[in-house]
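Here are the chains, one letter per residue:
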Amino acid sequence: MSAGQTQPKPANQHLRRNPPIVGEAEAIAAAQAGDEKAFETLYALHKRRVYSLCLRMLGNVAAAEDLTQDAFLQLYRKIGTFRGDSAFSTWLHRLAVNVVLMHLRKKGLPQISLEEALEPSQEDGPRKDFGGRDLQLSGSIDRVTLERAIDDLPPGYRLVFVLHDVEGYEHNEIADMLSCSIGNSKSQLHKARMKLRDLLRAGQRKESAV
Amino acid sequence: MKTTRPCEINMNCADFQDRLPELFETHADLSAEEHLKGCENCTALVRDLEYIAQQAKLLLPIHDPSPTVWDNIREAIRNEPGQNQGGSPPAPSAER
């Protein structure tokens, strides 16, 4: 196989985490008709992922809970506009992402427009790797260390990395959520992984220096 | 056979790293990449990036928001004026 040849992604190569949920379609229809119980069902089905996204983007439980609340209130107000053109979870995540970005802007990060969030400054970006010491990450990376490094990513990189590598969304879904091109999503993901590697290696150097 | 000498700073590394996002996306067999056969640096880079992506998949959400969040949402939607944007009235369960 040539390197540039496009191959279909094997089903088990990247665990699909957004499968259709049994009962979701009925709950959506009922919630659109104003059924509070159905809305509660949707909340129960999606609260963990929305909260997790908010928590990863904010790093603060209280703020993440506030934004989870805001995201679901947005959902309540807008659920009547959901037409099923995309997966419900993708549509809901788009609402949640917008709530998060709005919050970041209000918190004194006015430069966090979606475009700029997706294109961090040069100094925040990853470096190309043309060699040097510490060629490779040493040993295994535990969950806490990786979570901390993700927290240190610039917001735009963090968002794409979390949506793709953690949450399992495809680039076309992320492009839809973030109103960017699929190419941009791919490029940002790669830069995010590179930056994460920089951060993890820097952490290992610090540890070994102690 | 793979050599283990560190790669010199050269355009091959830059070219290869420019192609990496697409190579990852197409799930190409990177071990077949000619550049990796002679470049320890880019081999280490690929290994690390694959490792990071693998580890990230293990970070599935494990925390739920506190029950207070739903309580607040329920209270707020019961206080929402009128109806949602879909034109359907919210449930008439505003009595509290």
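Residues numbered from 1 in each chain as written. Chains lettered and ligands numbered in written order. Predicted model: local features only at pLDDT ≥ 70, side-chain atom pairs only at ≥ 80, totals over all residues.

1. Considering the overall build of chain B
- Across its full length, chain B carries four helices and zero strands.
- In chain B, the order of α-helices and β-strands from amino to carboxyl end is α-α-α-α.
- Counting every position in chain B, which comprises 96 residues, the buried fraction comes to 23%.
- For chain B, the proportion of contacts with a sequence separation of at least 24, taken over those separated by at least 6, is 45%. (Helix = DSSP H or I, 4+ residues; strand = E, 2+ residues; numbered from the N terminus. Buried ≥ 20, exposed ≤ 12 C-beta atoms within 10 Å, placed from the backbone. Contact = placed C-beta atoms within 7 Å.)

2. With respect to the domain arrangement of chain A
Residue and element names in this part refer to chain A.
- Partitioning chain A into structural domains gives domain 1 (24–106) and domain 2 (114–125 + 139–209).
- With centres defined by C-alpha atoms, the gap from domain 1 to domain 2 works out at 23 Å.
- The partner domain 2 presents 14 residues to the twelve residues of domain 1 that form the contact.
- When residues in the side of domain 1 that touches domain 2 are grouped by element, the largest group, six residues, is from helix α4 (residues 88–106).
- Grouping the amino acids of the side of domain 1 that touches domain 2 by side-chain chemistry returns five nonpolar, four polar and three charged. (Domains from an automatic or database assignment. Nonpolar A, V, L, I, M, F, W, Y, C, P; charged D, E, K, R; others polar.)

3. Digging into unusual backbone geometry
- Non-glycine residue Ser179 of chain A carries a positive phi angle of around 50°.
- Looking at the element boundaries, Ser179 of chain A is found in the loop between α8 (171–178) and α9 (182–209).

4. What to know about the packing of α9 of chain A against helix α3 (residues 40–56) of chain B
- Their axes nearest at 10 Å, the elements α9 of chain A and α3 of chain B cross at an angle of 100°. Considering their axes alone, α9 of chain A and α3 of chain B lie roughly perpendicular with respect to each other. The residues of α3 of chain B that touch α9 of chain A, namely those facing Arg193, Leu196 and Arg197 of chain A, are Asp48, Leu49, Ile52 and Ala53 of chain B.
- Counted by class, the contact of α9 of chain A with α3 of chain B contains four nonpolar, no polar and three charged residues. (Axes fitted to C-alpha atoms, helices over the stretch in contact; angles between N-to-C directions. Parallel < 35°, antiparallel > 145°, perpendicular 65-115°, else oblique.)

5. Points about the nonpolar core
- Counting 63 residues, the largest nonpolar core has Cys54, Ala71, Ala96, Val100, Val160, Phe161 and Leu196 of chain A as the members making the most contacts within it.
- Each of domain 1 (24–106) and domain 2 (114–125 + 139–209) of chain A accounts for three or more of the residues forming this core. (Core = buried A, V, L, I, M, F, W, Y, C linked by C-beta atoms within 7 Å.)

6. Here's the deal with helix α2 (residues 36–58) of chain A
All names here are of chain A.
- With 23 residues, α2 ought to run about 33 Å at 1.5 Å a step, yet its terminal C-alpha atoms sit only 29 Å apart, falling short of that.
- Considering bend angle alone, the principal kink of α2 is centred on His46 and spans about 55°.
- Remark: Gly59 follows α2 within two positions and exhibits a positive phi of approximately 65°. (Expected span 1.5 Å × (residues − 1). Bend = angle between axes of the 7 residues up to and from the residue.)

7. Quick look at the confidence of the model for chain A
Residues and elements named next belong to chain A.
- In the predicted model, chain A carries a mean pLDDT of 81, and the fraction of residues at 70 or more is 75%.
- When pLDDT is averaged over each element of chain A, helix α3 (residues 61–78) comes out on top at 96 and helix α5 (residues 114–117) at the bottom at 53.
- Across residues 1–15, where pLDDT falls below 50, the model places 17 contacts with residues more than four positions away in sequence or in other chains. (pLDDT = per-residue confidence, 0-100.)

8. Considerations on helix α6 (residues 143–151) of chain A
- All of the buried residues in α6 of chain A are Leu146, Ala149 and Ile150 of chain A. An end-on view of α6 of chain A places all buried positions within 100° of arc, on one side of the element.
- In the core, the buried residues of α6 of chain A are packed alongside α2, α7 (155–166) and α9 of chain A together with α3 of chain B. (Arc of directions from axis to C-beta.)

9. Here's the deal with the environment of Glu170 of chain A
- The topology assignment puts Glu170 of chain A in the loop between α7 and α8.
- C-alpha separation for the pair Glu170 of chain A and Val99 of chain A, spaced 71 residues apart in sequence, amounts to 21 Å.

10. Some points on the environment of Ser140 of chain A
- Take Ser140 of chain A: it is sitting in the loop between α5 and α6.
- On a C-alpha basis, the gap between Ser140 of chain A and Ile174 of chain A in space is 29 Å, while along the polypeptide they are 34 residues apart.

11. Re the confidence of the model for chain B
Residues and elements named next belong to chain B.
- Per-residue confidence for chain B averages 77 on the pLDDT scale, and 73% of its residues sit at or above 70.
- When mean pLDDT is taken per element in chain B, helix α4 (residues 67–78) scores highest with 96 and helix α1 (residues 11–25) scores lowest with 85.
- Scored below 50 in pLDDT, residues 1–9 makes 15 contacts in the model with residues more than four places away or belonging to other chains.
- In this model, residues 84–96 is a region of pLDDT below 50 whose contacts with residues beyond four sequence positions or in other chains number 33 contacts.
- The ipTM value of the predicted complex is 0.75, and its pTM value is 0.75.

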